[in-house]
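Fold and contact review
Here's the letter readout for the chains.
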Amino acid sequence: MTETDQEVVISVADILTALRKHLNLIIGMTLIATMFAFIVTFFVMTPKYESSSEILIDHRVGEPQDIQTINTYKELITSSTVLRKVVKTMNGSQTISKLKSEISVSNQQGSQILTIKVRTNNPNRAAQTANVTAAVFRQRIKKITHIDNISVVSKAAARHTPVSPQVSRNLLFGAGFGLVLGIISAFMVSFFDKTVRSEKFLREIKLTCLGTIPEIPNKLQTTHKLSSRRRRLD
């Protein structure tokens, strides 16, 4: 075995020794981080619910689909012109900026269907907002273009299962973070621990060992204590 190979083996052995020695620290940090993620997920983070409504852009037969028009429609759905009317229809329960942050619009490539998604902390309000937004947008397009080419193909329904926070993902993230933090802590404790436990440590720091004190086995320690007690009694 070459000197380089020996150094690699020693390094790996030292790493395994440090991990095994501070195993309780690593497990403790992992459990603490997992518990913290659990508390934040269930008691701090607000559940979010999502509902979606789908609208169809009706193109005439033989008319090529205009991607630019679809993108314009997507931008118009979240414009202040449409959202102001949505807020008014919903009795001004929230601001335009707040409503805009809750709405997203998407469509599949090559599709004429736009999906209006609303994510908020109330499942009923999410469904209502998606439906009102689709209806207001349809009216607005008809007023601007004088063409009724928008139709609602799927109305939003309230879904009482939250889409966030994702419990399993958060707990796994917390456990992983705690494990990494525990391993780093174990290495740091081992690095700053300068207690002399063997001649090897002295050789590594280039010091000379002047003598050693043998470790007394537990059985001999117990026998010695019993003998001392008997002598005292005598």
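Residues numbered from 1 in each chain as written. Predicted model: local features only at pLDDT ≥ 70, side-chain atom pairs only at ≥ 80, totals over all residues. Heavy atoms only, no water.

With 27 residues, the main nonpolar core has Ile55, Leu114 and Phe137 as its most contacted residues. Breaking this core down by element, the ones donating at least two residues are strand S1 (49–57), helix H3 (67–77), helix H4 (80–89), strand S2 (103–106), strand S3 (113–120) and helix H6 (123–145). At eight residues, the largest contribution of residues to this core is made by H6. (Core = buried A, V, L, I, M, F, W, Y, C linked by side-chain atoms within 4.5 Å. Buried < 20%, exposed > 50% of the residue type's maximum accessible area, 1.4 Å probe, protein only. Helix = DSSP H or I, 4+ residues; strand = E, 2+ residues; numbered from the N terminus.)

Counted according to the given criterion, the structure contains two aromatic pairs. Measuring from centroid to centroid gives 4.6 Å for phenylalanine 38 and phenylalanine 42, while their planes differ by 40 degrees, and the two rings are tilted. Residue phenylalanine 38 and its partner phenylalanine 42 are both found in helix H2 (residues 23–44); the two are separated by four residues, about one turn of the helix. By relative accessible area, which is 43% here, phenylalanine 42 ends up partly exposed. Consider the rings of tyrosine 73 and phenylalanine 137, whose centres lie 5.8 Å apart with planes at 75 degrees: the pair is edge-to-face. (Phe/Tyr/Trp six-rings, centres within 6.5 Å; stacked < 30°, edge-to-face > 60°.)

Interhelical geometry of H3 versus H6 gives an angle of 120 degrees and a closest axis separation of 10 Å. The angle between H3 and H6 falls in the class oblique. With respect to the hand of their crossing, H3 and H6 are arranged in right-handed fashion. Touching Tyr73, Leu76 and Ile77 of H3 are Thr133, Phe137, Ile141 and Ile144, all from H6. A class-by-class count of the residues in the contact of H3 with H6 yields six nonpolar, one polar and no charged. (Axes fitted to C-alpha atoms, helices over the stretch in contact; angles between N-to-C directions. Parallel < 35°, antiparallel > 145°, perpendicular 65-115°, else oblique. Left-handed = near helix turned anticlockwise from the far one by under 90°. Contact = heavy atoms within 4.5 Å. Nonpolar A, V, L, I, M, F, W, Y, C, P; charged D, E, K, R; others polar.)

Such coordinate-based values are descriptive only and should not be taken to indicate function.
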